[in-house]
Amino acid sequence: MNIGFIHIGLMKTASTYMQNVWQKDSFYALSWRGTLKFLENLRRAVKNGDTDRYVQLDINIDGNQSLTPDQYMVISNEGFSTAYLNDIGFQDRIPSFIDFTSQNLGRLADKTPNLLIVIREPVSWVRSMYIQSIKEGSFGSAQDFIDKQSTFIKHSLDMEHIVKCYERYFNNIMVLPYELFKKDESLFWDIISHSFNTPAVKTRIKKRINESLDLKRVF
């Protein structure tokens, strides 16, 4: 299994766009859907306080693709960096979830030392998370969202904890700002390519993916 790198999020940092690029680019093969069963088992284990049990490393390339010798597999799921957005009663377990998830993904460290984390200016991130919640059918003001989801917000933005957990296993962690992606997408890809010694993607997608609502529509 030729793994180029693992991408763990954060949420609302162009993850869906990047996953579509990796899926279409000839140099890469994406594992996103192929991580969902594994991710659900991790979430369930932490919920049940069953973090001593073995979780099968069930990760596969999406669809009917097969990895060619000149392709790199990208394992990408923003759910690897946080959890329980809609399970408020379990949000105090997010640090344990991150710890447990990093341990299990760490079993792949012998196949790749490379880990990508994309971050975002916090106020912009909270605003985007709120808009996404409205888009998905929630209601209430932004302040209601912050009050209700304060534990989720606090732990999801705790980069010190996230990095400390993952750096126990991966010795080449790249943290890049979403704002760089928005300003200069080519430079963003070039930095990843240079840091992970992988080909720079050539694919670009013009159609907007998972587009946020504008503020007037949100109101």
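Preceding block: the structure.
Residues numbered from 1 in each chain as written. Predicted model: local features only at pLDDT ≥ 70, side-chain atom pairs only at ≥ 80, totals over all residues. Heavy atoms only, no water.

Details of the packing of aromatic side chains
Just so we agree on the cut-off: Aromatic pairing here means that ring centres of Phe, Tyr or Trp (its six-membered ring) are within 6.5 Å. Orientation follows from the plane angle: under 30 degrees is stacked, over 60 is edge-to-face, and everything else is tilted. Where helices and strands are cited, they refer to DSSP runs of H or I of at least four residues and of E of at least two residues respectively, numbered from the N terminus. Exposed residues in this analysis have more than 50% of their type's maximum accessible area, buried residues have under 20%, and partly exposed residues fall in between, with area computed by a 1.4 Å probe over protein chains only. The criterion is that NZ of a Lys, or CZ of an Arg, lies within 6 Å of the ring centre and within 35 degrees of the ring normal, and then a charge sits over that ring.
The full count for this structure, using the stated rule, is 15 aromatic pairs. Plain terms: the ring middles of Phe5 and Phe196 are 5.0 Å apart, the flat faces sit at 35 degrees to each other, and that makes the pair tilted. Taken together, the residues span a long stretch of sequence, with Phe5 in strand 1 (residues 3–7) and Phe196 in helix 9 (residues 185–196) at a distance of 191 residues. When sorted by exposure, Phe5 lands in the same class as Phe196, which is buried. Linked through ring pairs, Phe5, Tyr17, Trp22, Tyr28, Tyr72, Tyr178, Phe181, Phe188, Trp189 and Phe196 together constitute an aromatic cluster. The ring centre of Phe90 lies 4.9 Å from the NZ or CZ of Lys47, which sits over that ring.

Re the nonpolar core
Rules: Working definition of a nonpolar core: buried Ala, Val, Leu, Ile, Met, Phe, Trp, Tyr and Cys residues. They are joined through side-chain atoms within 4.5 Å. Only heavy atoms matter for contacts: two residues are in contact if any of them lie within 4.5 Å across the pair.
Formed by 43 residues in total, the largest nonpolar core has its most connected members in Ile8, Phe80, Leu105 and Tyr166. If you list the elements that add at least two residues to this core, you get strand 1, helix 2 (36–47), strand 3 (72–76), helix 3 (94–105), strand 4 (114–119), helix 4 (122–135), helix 6 (150–156) and helix 7 (159–166). No other element matches the six residues that helix 4 contributes to this core. If we skip the residues at most four places from it in the chain, Ile8 touches Asn77, Glu78, Phe80, Ser81, Leu105, Leu115, Leu116, Ile117, Ile162 and Tyr166.

Re the pattern of salt bridges
Under the convention used in this document: Whenever a carboxyl oxygen of Asp or Glu lies within 4 Å of a side-chain nitrogen of Lys or Arg, that contact is scored as a salt bridge.
Tallied over the entire structure, the rule returns nine salt bridges. Here Lys111 makes a salt bridge to Asp110, at a shortest N to O gap of 4.0 Å. Residue Lys111 is classed as partly exposed on the basis of its relative accessible area of 40%. Accessibility expressed as a relative area gives 65% for Asp110, which makes it exposed. Salt bridges sharing common partners tie together Glu40, Arg43 and Arg44.

Keep in mind these numbers describe shape, not what the thing actually does.
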